[in-house]
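Take a look at the letters that make up each chain.
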Amino acid sequence: MKNYFVLVFLLTSVYSFAQIKESSAIDSIFTAYNKKDVPGCALGIIKDGQLIYAKGYGLANMEYNIPNAATSVFRIGSTSKQFTAACIVLLAEKNKLSLDDNLKSIFPDFPEYAEKITIKHLLNHTSGIRDYLQISYLKGLGDDDFYKDTHIMKWLINQTDLNFVPGEEFLYSNSGYWLLGQIVNKVAGINMAQFAKKEIFEPLKMNNTHFHNDHTQIVKNRASGYMPDNNENYKISMTTLDMIGDGGIFTSINDIKKWDDAFYESNVLSKAFWNVMTQQGILNNGKEINYAAGLMINTYKGLKTIRHGGAFVGFRAELLRFPEQKLSIAIFANRGDANPSSMANQVADVLLKDKLIEDVSQKAKKVKVDVPKEEFKLSQLVGDYEIQPGIVVRLAIKNDSLSVFQNWNKSTYNIVKVSGNTYQIPKNETISFTFSNIKDNFTETLTVLQGGSKTIAPRKKEIVISGVNLKDYTGSYYSKELDVNYNFKIENEILLVTINDTQATIECTISGLDQFVTELGIIRFQRKEELITSFELDSGRVKNLKFKK
């Protein structure tokens, strides 16, 4: 009997982790990670309910040379959101709450606008609530600063305005999912980590999965997170923050397979449950969005997908499901420079090559772009093109090639000609730049194609700064919503800003009348009787934040 058990175990192991015919092509995607001295990732491929390929690449722990494996436990960032949504949907099934309940009825301390925010708005990112991670950044807090759930609740209640009217737009918000976690705590009467363990992880036998709401908790087989430094080495990148909801799940490839099984089976989670989980949000104008309950419903090269990625500190993750092919690809990485979403797509390219209809670059080429017959010189392309007010791409010539600088994230990269007046980033066919409309020996229009979407960026009109007096903007400005002061001063004829005079100075670049672009976002100063009295700040997932002088 003992020998029979060993034989069955070996056969099962070989079947689960055997070399599939596409293994070489798949492994080549992870070549940079498949080394003995770098962090990497774990890959799981699930087909028809079987884990047909599971492999670790690189190190889970660089200090002890422990390799990554299917049993390694990773933080998966925002890929966690589907588990938060699952807790909410389960509570709705138990009639403990309704998805139409409004936020103020649950947390009365919120301003009146919370009466118009429903749980459903929180689930599909249409609430308009400002993102707490961006708020912490604008308050001057860094990655190593510590704060608690009580701080976040205070910050959010202190916001006197929303980014937009609930239901009018889609804007990804970590605040919404953190609030969903707080709703679970209140309605269930126990912490969401406990609720998820009892209602999801234990029934599904996901024994190595949990919401990590205590950074001192010991996690067996944990992969450490890493970030590259400036010397081509890595440094530890973890966190002491304990909040969950928008993130916080720790799991493994072996465990996520059980979650994937639950999607197709109805033993624990019903079909009605999954119908709610995959019901896409609808805006006030009736338009359906791609986001459901912690899941993105979309297509990849003609095939339906259900997916979500994650990124936090030194971890990156992607869970990509092709429901009609019963194929899922999970990639959990413990290095901050990883791109699991792109790698999951590449794995799908290998496994579904006979089913994919068209690639993204071909789709992009079908978007009509007016391309002039005359080929322009590089010198005619240089200058600033405005994607939207304050958001500018700057084209310049560097080492006889065209260089692109993006003012909103301070990134620079080169592009090369692929045909006529169309340029691309080397080895990246998904984005193209086409120049057109010559005037006064310079092109007037930049057309950017990305994944089938077209953005028209006109040449930015030259700003006349001769009449601008930077002294008008100096002084201290207070935000009640952030409870911080932004202080502006001039050094070497440059306007600089600091937060509470404790942070490093940040340069302000003029981008329009009384408007500046900074690393913090777009600052729009306002005047009363010709004097600057206030400004508004747009910063990613935080909009129209008000400061008074």
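Quantities reported herein were computed from a predicted structural model and do not represent experimental measurements.

1. What about the layout of surface pockets?
- Empty space within the second largest pocket amounts to approximately 930 Å³.
- In this structure, the second largest pocket is lined by 34 residues; those nearest its centre are Leu 133, Asp 143, Ala 311, Phe 312 and Val 313.
- If you list the elements that add at least two residues to the lining of the second largest pocket, you get α6 (132-138), β8 (234-236) and β11 (303-312).
- When residues of the lining of the second largest pocket are assigned to their parent elements, the largest contribution, five residues, is made by α6.

2. Section: the sheet that holds strand β20 (residues 442-450)
- Strand order in this open sheet of eight strands is β14-β15-β16-β17-β18-β19-β20-β21, and the pairing throughout is antiparallel. What marks the edges here is a single partner per strand, and that holds for β14 (383-388) and β21 (453-458). For this sheet the average axis-to-axis angle between neighbouring strands, irrespective of direction, equals 30°.
- Both β20 and β21 contribute to a ladder of six bridges, which runs antiparallel. Across the sheet, Leu 449 pairs through a bridge with Lys 454, a residue of β21.

3. Here we look at helix α12 (residues 340-351)
- Its 12 residues place the ends of α12 16 Å apart at the C-alpha level, agreeing with the 16 Å of an ideal helix rising 1.5 Å per residue.
- All of the buried residues along α12 are Pro 340, Met 343, Ala 344, Asn 345, Val 347, Ala 348 and Val 350.
- Each element contacted by the buried residues of α12 is listed here: α2 (23-29), β1 (41-47), β10 (296-300), β11, β12 (315-322) and β13 (327-333).

4. Topic: the pattern of salt bridges
- The tally for this structure, following the rule as stated, stands at 23 salt bridges.
- Here the salt bridges share partners, and the residues they tie into one network are Asp 161, Arg 524, Glu 536, Asp 538 and Lys 546.

5. Details of the sheet that holds strand β6 (residues 210-211)
- The strand order across the open sheet formed by three strands is β5-β9-β6, and the pairing between neighbours is antiparallel. Lying at the two open borders of the sheet, with one neighbouring strand each, are β5 (74-75) and β6.
- Both β5 and strand β9 (residues 249-251) contribute to a ladder of two bridges, which runs antiparallel. Its bridge partner lying in β9, Phe 74 is registered against Thr 251.

6. What about the nonpolar core?
- In this structure, Trp 259, Tyr 486 and Phe 488 are the most contacted members of the largest nonpolar core, which totals 104 residues.
- Among the elements that line this core, the one with the most residues is helix α3 (residues 81-93), at eight residues.
- With 26 residues, the next largest nonpolar core counts Leu 43, Tyr 57, Ile 329 and Ala 333 among its residues.

7. Observations concerning the pairing of strand β24 (residues 494-499)
- Counted residue by residue, β24 has five buried out of six residues, so it is predominantly covered.
- Bridge count for strand β23 (residues 484-491) against β24 is six bridges, and the pairing is antiparallel. Along β24, the bridge assignment pairs Tyr 486 with Ile 499.
- Once β23 ends, the chain turns through two residues before running back antiparallel as β24, passing Asn 492 with a positive phi of about 50°.
- Direction of pairing for β24 relative to strand β25 (residues 506-512): antiparallel, over a ladder of three bridges. Within β25, the residue paired with Leu 496 across the bridge is Glu 507.

8. Regarding the side chain of Lys 104
- In this fold, Lys 104 is placed in helix α4 (residues 103-106).
- Separated by 2.6 Å, the side chain of Lys 104 and the backbone oxygen of Pro 108 make a polar contact.
- A polar side-chain atom of Lys 104 sits 2.5 Å from the main-chain carbonyl oxygen of Phe 110.
- Sequence-distant contacts of Lys 104, defined by excluding residues within four places in its chain, comprise Phe 110, Pro 111, Glu 112, Ala 114 and Glu 115.

9. Quick notes on the confidence of the model for the chain
- With 92% of its residues at a pLDDT of at least 70, the chain reaches an overall mean of 91.
- In this model, residues 1-17 is a region of pLDDT below 50 whose contacts with residues beyond four sequence positions or in other chains number 11 contacts.
- Scored below 50 in pLDDT, residues 359-365 makes eight contacts in the model with residues more than four places away or belonging to other chains.

Rules used in this analysis
- Residues numbered from 1 in each chain as written.
- Predicted model: local features only at pLDDT ≥ 70, side-chain atom pairs only at ≥ 80, totals over all residues.
- Heavy atoms only, no water.
- 1 Å grid on protein atoms, 1.4 Å probe; cavity = no way out; pocket = protein on both sides within 12 Å on 5 of 7 lines; lining within 4 Å.
- Points joined across faces, edges and corners; volume = space filled by probe spheres on them.
- Helix = DSSP H or I, 4+ residues; strand = E, 2+ residues; numbered from the N terminus.
- Pairing = 2+ DSSP bridges.
- Axes fitted to C-alpha atoms, helices over the stretch in contact; angles between N-to-C directions.
- Expected span 1.5 Å × (residues − 1).
- Buried < 20%, exposed > 50% of the residue type's maximum accessible area, 1.4 Å probe, protein only.
- Contact = heavy atoms within 4.5 Å.
- Salt bridge = Lys/Arg side-chain N within 4 Å of Asp/Glu carboxyl O.
- Core = buried A, V, L, I, M, F, W, Y, C linked by side-chain atoms within 4.5 Å.
- Polar contact = N/O pair within 3.5 Å; in protein donor to acceptor, adjacent residues only side chain to side chain.
- pLDDT = per-residue confidence, 0-100.

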